[in-house]
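Examining the three-dimensional arrangement
These are the residues of each chain, in order.
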Amino acid sequence: MDTNDIKSFVAPVRTLMGPGPSDVHPRILGAMARPTVGHLDPVFIRMMEELKALLQYAFQTRNELTIPVSAPGSAGMETCFVNLVELGDKVIVCQNGVFGGRMRENVERIGATPVMVEDEWGRAVDPNKLEAALEANPDAKVVAFVHAETSTGVESDAKALCEIARRHDCLTIVDAVTSLGGSPLKVDEWGIDAAYSGSQKCLSCTPGLSPVTFSARAVEELKSRRTKVQSWFLDLSLVMGYWGGDGKRSYHHTAPINPLYGLHEALVILKEEGLQNAWERHARNHHALRRGIEAMGLTFAVREQERLPQLNAVNVPEGVDEAGVRRRLLSDFDLEIGAGLGSLTGRIWRIGLMGHASNIKNVMFCLGAMESVLGEMKAPINQGAAVSAAARGADG
Ligand SMILES: Cc1ncc(COP(=O)(O)O)c(C=O)c1O
């Protein structure tokens, strides 16, 4: 490539209704454009304290160790595993989609032993299977599972799974990347020991930050480790030298200043709306989309009681070119929806209604655009029914 031809990159304006990132709220983009200050500047440190308090609100926790890791959700996942799991430990990993598989990878790379509890992709984690695995493995130290499986659009019963883990005296690591801000997540009430999330889903911030929270029990575990955390960057005992609330701040790494302004703004927006209202909005828009999808004659891949409101897995009708539809939506309507992953590749579309993008305007736009593209591609759908079905009962 001749670098003389390269000009500023100007991204098109898309509507992001895939599995994330979601549309970023303009207030967040505005916040990120504010002047950069030093990462030890007192005004910035004050903002960091607010950020921790806002994250506690979002996670519904009083955990002191609640911070954003300076890297995407995958780093949040790794932070939980490398800090809480040591060589030789046994970890029960529940897998019902792509991200449970990544948990397994994390456990193996630490030199610990994963015990897999497998459920079909598209189904929630079965609490009975977890119970049986814990009975068969009384020496297990940690139970890990994904609350909101973005790869399939499935929500597992985090409260029930944590209760079982606790009864067997195990710590819990919960992937809340897609649930935080979008559907009920109650870290303290459910007894979650470590949870991680991502900035780019239901918080509608830009990608690249991973909020994590560790319970007092998990912090005790950190303090009594036999070995050093294998990752220098993610070792929370070092990271807390910078994020800790003891008044002393020492350099660990240069914090991503402007993205942190963005996350702060995202959480202020969440607080203004109220967590409960945000959960209800996600549920309401999911139901509007569902009415439209079903009126078109399309079906959901996940049974109703296990569906995530923020990520809708829709079956691709027989004979329809799955990728072709997504390409047309992007080129003709600037609309991004997601494809299936792994065994669901080519079989489902994943329609996100996350954060700022979870609104009735997007529901109507997406249904209208899909109807138009599917109609042109001669797909077997009912024409003209989706938008009015979605509107029925919709209240904004
Ligand atoms: C459930 C889940 N866990 C982990 C991740 C990884 O997050 P990131 O892509 O920000 O690294 C994702 C991203 O989509 C996810 O959906």
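Below is a summary of the structure that appears in this document. (Residues numbered from 1 in each chain as written. Predicted model: local features only at pLDDT ≥ 70, side-chain atom pairs only at ≥ 80, totals over all residues. Heavy atoms only, no water.)

Let's shift gears to the nonpolar core. Judged by nonpolar contacts, the single largest core of 91 residues is most densely connected at Phe-44, Phe-81, Ile-92, Ile-173, Phe-214 and Leu-267. The greatest single-element share of this core, amounting to nine residues, is contributed by helix H2 (residues 42-59). Each residue touching Ile-92, except ones within four places of it in the same chain, is listed here: Val-115, Val-117, Leu-130, Ala-133, Leu-134, Asn-137, Ala-140, Val-142, Val-143 and Ala-144. Formed by 28 residues, the second largest nonpolar core is a distinct cluster that contains Ala-288, Val-320, Val-325 and Ile-337. (Core = buried A, V, L, I, M, F, W, Y, C linked by side-chain atoms within 4.5 Å. Buried < 20%, exposed > 50% of the residue type's maximum accessible area, 1.4 Å probe, protein only. Helix = DSSP H or I, 4+ residues; strand = E, 2+ residues; numbered from the N terminus. Contact = heavy atoms within 4.5 Å.)

Near the ligand, the surroundings consist of Pro-72, Gly-73, Ser-74, Phe-99, Val-146, Ala-148, Thr-150, Asp-175, Val-177, Thr-178, Gln-200 and Lys-201. Interatomic distance of 2.8 Å between a backbone N/O atom of Gly-73 and an oxygen atom of the ligand. In this structure, an oxygen atom belonging to the ligand sits 2.5 Å away from a side-chain N or O atom of Ser-74. When the residues that make up the shell around the ligand are grouped by side-chain class, the tally is five nonpolar, five polar and two charged. (Near = heavy atom within 4 Å. Polar contact = N/O pair within 3.5 Å; in protein donor to acceptor, adjacent residues only side chain to side chain. Nonpolar A, V, L, I, M, F, W, Y, C, P; charged D, E, K, R; others polar.)

Our focus in this paragraph is the sheet that holds strand E9 (residues 194-196). Sheet architecture is open: seven strands sit in the order E2-E10-E9-E8-E5-E3-E4, paired in mixed fashion. In this open sheet, the two strands that pair with only one neighbour each are strand E2 (65-69) and strand E4 (113-118). Between one strand axis and the next, the sheet turns through 15 degrees on average, direction left out of account. With three bridges joining them, E9 and strand E10 (residues 210-214) adopt antiparallel strand pairing. Along E10, the bridge assignment pairs Ala-194 with Phe-214. In this fold H2 packs onto E2, E9 and E10, with an angle of close to 105 degrees to the strand it touches most, E2. (Pairing = 2+ DSSP bridges. Axes fitted to C-alpha atoms, helices over the stretch in contact; angles between N-to-C directions.)

In terms of burial, strand E5 (residues 142-146) is a largely internal element, five of the five residues being buried. Here E5 shows no split at all, with Val-142, Ala-144 and Val-146 on one side and Val-143 and Phe-145 on the other all buried. Sheet topology places strand E3 (residues 90-95) next to E5; three bridges connect them, and they run parallel. Paired with Ile-92 across the strands is Val-143, a residue of E5. The sheet contact formed by E5 and strand E8 (residues 171-175) spans five bridges and is parallel. What sits directly across from Ala-144, in E8, is Ile-173.

Attention now goes to unusual backbone geometry. Excluding glycine, most residues fall at negative phi; most peptide bonds, likewise, are trans. Looking along the chain, the bond that leaves Gly-20 and enters Pro-21 is cis, with omega of 5 degrees. Mapped onto the fold, Pro-21 is located in the loop between strand E1 (15-16) and helix H1 (26-32). Even without being a glycine, Gln-60 presents a positive backbone phi close to 55 degrees. Note on placement: Gln-60 falls in the loop between H2 and E2.

The next point concerns helix H8 (residues 216-223). Those residues of H8 that sit buried are Ala-218, Val-219 and Leu-222. For H8, the angular spread of the buried residues around the axis is 100 degrees, confining them to a single face. Facing away from the buried surface of H8 by more than 90 degrees, the exposed residues are Ala-216 and Lys-223. On its buried face, H8 sits against E2, helix H3 (73-84), E8, E10 and helix H9 (236-243). (Arc of directions from axis to C-beta.)

To continue, consider the sheet that holds strand E14 (residues 348-352). Strand pairing in a sheet relies on backbone hydrogen bonds, with the paired strands running either antiparallel or parallel. Sheet architecture is open: three strands sit in the order E11-E14-E13, paired in antiparallel fashion. The open sheet has two edge strands with one neighbour each: strand E11 (311-315) and strand E13 (338-339). Sheet strands in contact with helix H12 (residues 322-333) are E13 and E14, and its direction is about 30 degrees off that of E14.

Here the structure, examined in full by the defined rule, presents three aromatic pairs. Lying over the aromatic face of Tyr-57, Lys-271 brings its terminal NZ or CZ to 4.6 Å of the ring centre. (Phe/Tyr/Trp six-rings, centres within 6.5 Å; stacked < 30°, edge-to-face > 60°. Lys NZ or Arg CZ within 6 Å of the ring centre and 35° of its normal.)

Here the focus is the side chain of Glu-149. As for its position among the elements, Glu-149 is in strand E6 (residues 148-149). Buried and unpaired, Glu-149 has Arg-350 as its nearest opposite-charge partner, separated by 6.8 Å. Among the polar contacts listed, one links the side chain of Glu-149 to the side chain of Ser-151, at a separation of 2.6 Å. For Glu-149, the residues in contact, after removing those within four places along its chain, are Asn-96, Gly-97, Val-98, Phe-99, Gly-100, Val-154 and Leu-308. (Lys, Arg positive; Asp, Glu negative; His and termini not counted. Salt bridge = Lys/Arg side-chain N within 4 Å of Asp/Glu carboxyl O.)

The next subject is helix H4 (residues 98-110). An α-helical turn contains 3.6 residues, so any two residues separated by three or four positions project in the same direction. Taking 1.5 Å per residue as the helical rise, H4 with its 13 residues ought to reach 18 Å, and the 19 Å between its terminal C-alpha atoms agrees with that figure. All of the buried residues in H4 are Val-98, Phe-99, Gly-100, Gly-101, Met-103, Asn-106, Val-107 and Ile-110. Once H4 finishes, Gly-111 follows within two positions and takes phi at roughly 90 degrees, a positive value. (Expected span 1.5 Å × (residues − 1).)

Turning to the environment of Arg-326, a few remarks are in order. Locating Arg-326 in the fold gives a position in helix H12. Sequence spacing of Arg-326 and Met-48 is 278 residues, and the spatial spacing of their C-alpha atoms is 39 Å. Setting aside its immediate chain neighbours within four residues, Arg-326 contacts Ile-337, Gly-338, Ala-339 and Trp-349.

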